[in-house]
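Coordinate inspection notes
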Amino acid sequence: MKTTLADAIQQIDRQPIQACYVGTDAAERLAAFVSDRLGAACLVVADENTLAAGGDRLLRALSAAHRKIVHKTYGAEPLDATEDLGNEVAAAAQDVDVIVALGSGTLCDLAKHAGTQLDKPSVLYATAASMNGYTSGITALKVRGLKRTTPCDPAAAVFADPEVVATAPRRMAAAGVADFLSKCSSASDWRAAHYLRDEYYSPKAMAFYEGTVERVLDAAPGVGRTETDALAVLLEALLLSGLSMLSAGSSSPASGGEHLLSHYLDMKSALYGTPHDLHGAQVGVGTLHCLGLWERILAMDPALLDADALAAAQPQESAIREWIEEDWGPAVAHEVLSQWQLKALPPEALRGEIARFAAGADTVRNSVRQDYLPPATVADAIRAAGGPVSPEELNAPADEFQKAVKRARFIRNRFTVLDLAAELGIG
Ligand SMILES: [Zn+2]
C-alpha cells in the first residue's frame, strides 16, 4: 500500500519534522505553516538563481501572511558550502524566529546548520529534485577544506512546488531519479549487512518505498521532459526516501556502496581539486556498478565457493594501508584507516563470513531480490531522465571512478556490496 508523506511523518518516532508537502500551492502552505506555528519574523536564505526560480511565489506568500522578512542572498556563482558560511547565516538570523531556505542541497544545509547553532527552526522551500537530503538530520559542510557530515536538527518542514522545481537545470532532476533509485542497491547492501554482520534492520523504514520505485520508473521519461506531474512524483519519492532514513535512525536504507563511490570522488575533489559532478549523478553511475555486482552475486553458484581460498586471496592489511596513504596523504589517511579498521575482519572471521554467506546464500539472495533491480532497468530510467550512466559521462575523472571501485570501501565503516563482492572474489 502506498505510504503518503503524512503517514510517513506519523510513523517516525521522536523526530521533529512536522510537515512535508509537494504541490503548486507549496509557498502558501509554507507561509501558513510558519504563521501558525513558528513566529512572525523570518530570514530567507537564497542565491540569485533560486530567487529567480521561486522567489516570487515564496516572498509573495510570506508577505501576504504579514511576515517580517530579512534577506540573506548569495550571488549566482556556485556556493562553496563551508561551515563559515553556515555561521554567517546564523549571524544574520540572530533576530528572527525561523530560517527559511529557498534552494537545494547547499542552501538548505546552511539553514539547518544556522538553525541548529541558534536553536531556531528551519523550513525548506525546495528548488530542485536533485537529492533526498531535504529531510535529513545531517549537514555536509566543509571545515578547513574538508567536507564533514555533521548531525544537525532536521528542518521543521519541507515544501516543494513542482512548477518551481521545473525551472531548475534538467540534469538536477535526473540526479534525483538516480539518487532515489540507488535504494535498489543500498537496501540490498543493508539486508546483506543484517544477515552477515547482524546489523540492525528496519522493515518499517523499508515500507516507505512500497510502490514508490515503480512510480519513479514510470515517471522518469516525464522527468526528462520536465513535466510537472512527473517532477511531483519524484519529489514525493525523494522526501519519502529521506524520511525512511529518519525512521531507520541511519542512512543505511538509502546509502550503500554506490554512495561510497560518490563520496570517494567528492573527497578527492576536496583534497586535490579534481572536478566532481552532482551527488545524484555520481551516485547513479555508482548504483549501476553496484547493481552489476549484485547481479553477479545473485547468479553465482554458492556450492562452488571455497571459503579458505577466498579468505587467503584477500589483500593484506599492509597493502590496504599503503593504498589508503597513497589516496589520501598523511593528514587524511589516519582518519580513513580508522574507519576501515572498524569493519575489517581478521582472517579467521573473514573466512567465517564467506562460509556463512555460502551456507545461507539462498536466504540472503531472496531477501536482496526484494529491492534489487537489474542494472539495465535502472540505467534506462536514468537515461530517460537525462542523466549519465557511465563514468565517462560524469564531470569527474573516469580513472578516479575506476580507482573508487577498488578502494572506496575503505573510506567508511559500512558493510556494502563492495566488501561482499571483494570477499567473494568478484569485481
Ligand atoms: Zn544520496
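So, on to the domain arrangement of the protein. Splitting the protein by domain gives domain 1 (5-168) and domain 2 (173-200 + 250-423). Measuring from the centre of the C-alpha atoms in domain 1 to the corresponding centre in domain 2 gives 31 Å. With 7 residues of domain 1 at the interface, the matching set in domain 2 holds 11 residues. Taken together, both faces of the contact between domain 1 and domain 2 bury some 700 Å²; the carbon and sulfur share is 55%. At the surface where domain 1 touches domain 2, the tally comes to 0 salt bridges. At the boundary of domain 1 with domain 2, the tally comes to 2 residue pairs in polar contact (both at pLDDT 80 or more). Looking at the side of domain 1 that touches domain 2, its residues break down into 3 nonpolar, 3 polar and 1 charged.

Moving on to the coordination of the zinc ion. Listed as protein donors to the zinc ion are Asp-179 (OD), His-259 (NE2) and His-279 (NE2); their distances from the metal cover 2.1 Å. Positions of the donor residues of the zinc ion, expressed as sequence spacing, correspond to D-x79-H-x19-H. Separated by 20 residues along the polypeptide, His-259 in helix 12 (residues 257-272) and His-279 in helix 13 (residues 279-299) bring together distant segments of the chain.

With that settled, consider the packing of helix 4 (residues 83-92) against helix 5 (residues 105-118). Their axes nearest at 8 Å, the elements helix 4 and helix 5 cross at an angle of 60°. With respect to helix 5, the element helix 4 is oriented oblique. Crossing of helix 4 over helix 5 shows right-handed handedness. Judged by residue contacts, Glu-83, Leu-85, Gly-86, Asn-87, Val-89 and Ala-90 of helix 4 engage Leu-110, His-113, Ala-114, Gln-117 and Leu-118 from helix 5. For the contact of helix 4 with helix 5, the per-class residue count stands at 6 nonpolar, 4 polar and 1 charged.

With that out of the way, let us pick up the nonpolar core. Tyr-134, Leu-181, Leu-243, Ile-324, Phe-357 and Leu-424 are the most contacted members of the largest nonpolar core, which has 126 residues in total. The element that contributes the greatest number of residues to this core is helix 11 (residues 228-248), accounting for 11 residues. Taken domain by domain, the makeup of this core includes at least three residues from each of domain 1 (5-168) and domain 2 (173-200 + 250-423). Among the nonpolar cores identified, the runner-up in size contains 23 residues, and Leu-38, Val-44, Leu-58 and Tyr-125 belong to it.

With parallel pairing, the 6 strands of this open sheet are ordered in space as 1-8-5-4-2-3. Edge positions in the open sheet fall to strand 1 (19-22) and strand 3 (68-74), since each of these has one partner strand only. The mean angle between the axes of side-by-side strands here comes to 15°, regardless of whether they run parallel or antiparallel. For strand 1 and strand 8 (residues 157-160), the ladder comprises 4 bridges, and the chain directions are parallel. Opposite Ala-19, over in strand 8, you have Ala-157 as the bridge partner.

Compared with the 18 Å implied by 1.5 Å per residue over 13 residues, the 18 Å span of helix 16 (residues 347-359) between its first and last C-alpha is a close match. Among the residues of helix 16, Leu-350, Glu-353, Ile-354 and Phe-357 are the ones counted as buried. Summarising the axial view, the buried residues of helix 16 lie within an arc of 95°, below the 170-degree limit, and thus occupy one face. Of the exposed residues in helix 16, the ones pointing more than 90 degrees away from its buried face are Glu-348 and Ala-359. Each element contacted by the buried residues of helix 16 is listed here: helix 8 (183-197), helix 13, helix 14 (307-312), helix 17 (361-368) and helix 20 (417-423).

Looking now at the packing of aromatic side chains. For the structure on display, the rule yields 6 aromatic pairs. Considering the side-chain rings of Tyr-264 and Trp-328, the 5.1 Å spacing of their centres and the 75° angle between planes classify their relative orientation as edge-to-face. Residue Tyr-264 is found in helix 12, and its partner Trp-328 is found in helix 15 (residues 317-343); the two are separated by 64 residues along the sequence. When its relative accessible area of 3% is taken as the criterion, Trp-328 is described as buried. The structure contains a cluster of three or more aromatic residues connected by ring pairs, namely Trp-323, Trp-340 and Phe-410.

Considering the arrangement of structural elements, one finds Thr-4 in the segment before helix 1 (5-10). Measuring from C-alpha to C-alpha, the distance between Thr-4 and Phe-208 comes to 8.3 Å, with 204 residues separating the pair along the chain.

Glancing now at the pattern of salt bridges. According to the stated counting rule, one finds 22 salt bridges in the structure shown. One salt bridge in this structure joins Glu-163 and Arg-57, with 2.9 Å as the shortest N-O distance. Separated by 106 residues along the polypeptide, Glu-163 in helix 6 (residues 162-165) and Arg-57 in helix 3 (residues 48-64) bring together distant segments of the chain. The exposure class of Glu-163 is partly exposed, given its relative accessible area of 35%. In this structure, Lys-343 and Asp-419 form a salt bridge, with 2.8 Å as the shortest nitrogen-oxygen distance. Taken together, the residues Lys-343 in helix 15 and Asp-419 in helix 20 connect sequence positions 76 residues apart. The two residues Lys-343 and Asp-419 agree in class, both being buried. Each member of the salt-bridge network shares a partner with another, and the members are Lys-268, Glu-326, Asp-327, Glu-400 and Arg-407.

Reading guide: rules and limits
- Residues numbered from 1 in each chain as written.
- Predicted model: local features only at pLDDT ≥ 70, side-chain atom pairs only at ≥ 80, totals over all residues.
- Heavy atoms only, no water.
- Domains from an automatic or database assignment.
- Contact = heavy atoms within 4.5 Å.
- Buried area = accessible area lost by both parts, 1.4 Å probe.
- Salt bridge = Lys/Arg side-chain N within 4 Å of Asp/Glu carboxyl O.
- Polar contact = N/O pair within 3.5 Å; in protein donor to acceptor, adjacent residues only side chain to side chain.
- Nonpolar A, V, L, I, M, F, W, Y, C, P; charged D, E, K, R; others polar.
- Donors = N, O, S within 2.8 Å, 3.2 Å for Na, K, Ca; no water.
- Helix = DSSP H or I, 4+ residues; strand = E, 2+ residues; numbered from the N terminus.
- Axes fitted to C-alpha atoms, helices over the stretch in contact; angles between N-to-C directions.
- Parallel < 35°, antiparallel > 145°, perpendicular 65-115°, else oblique.
- Left-handed = near helix turned anticlockwise from the far one by under 90°.
- Core = buried A, V, L, I, M, F, W, Y, C linked by side-chain atoms within 4.5 Å.
- Buried < 20%, exposed > 50% of the residue type's maximum accessible area, 1.4 Å probe, protein only.
- Pairing = 2+ DSSP bridges.
- Expected span 1.5 Å × (residues − 1).
- Arc of directions from axis to C-beta.
- Phe/Tyr/Trp six-rings, centres within 6.5 Å; stacked < 30°, edge-to-face > 60°.

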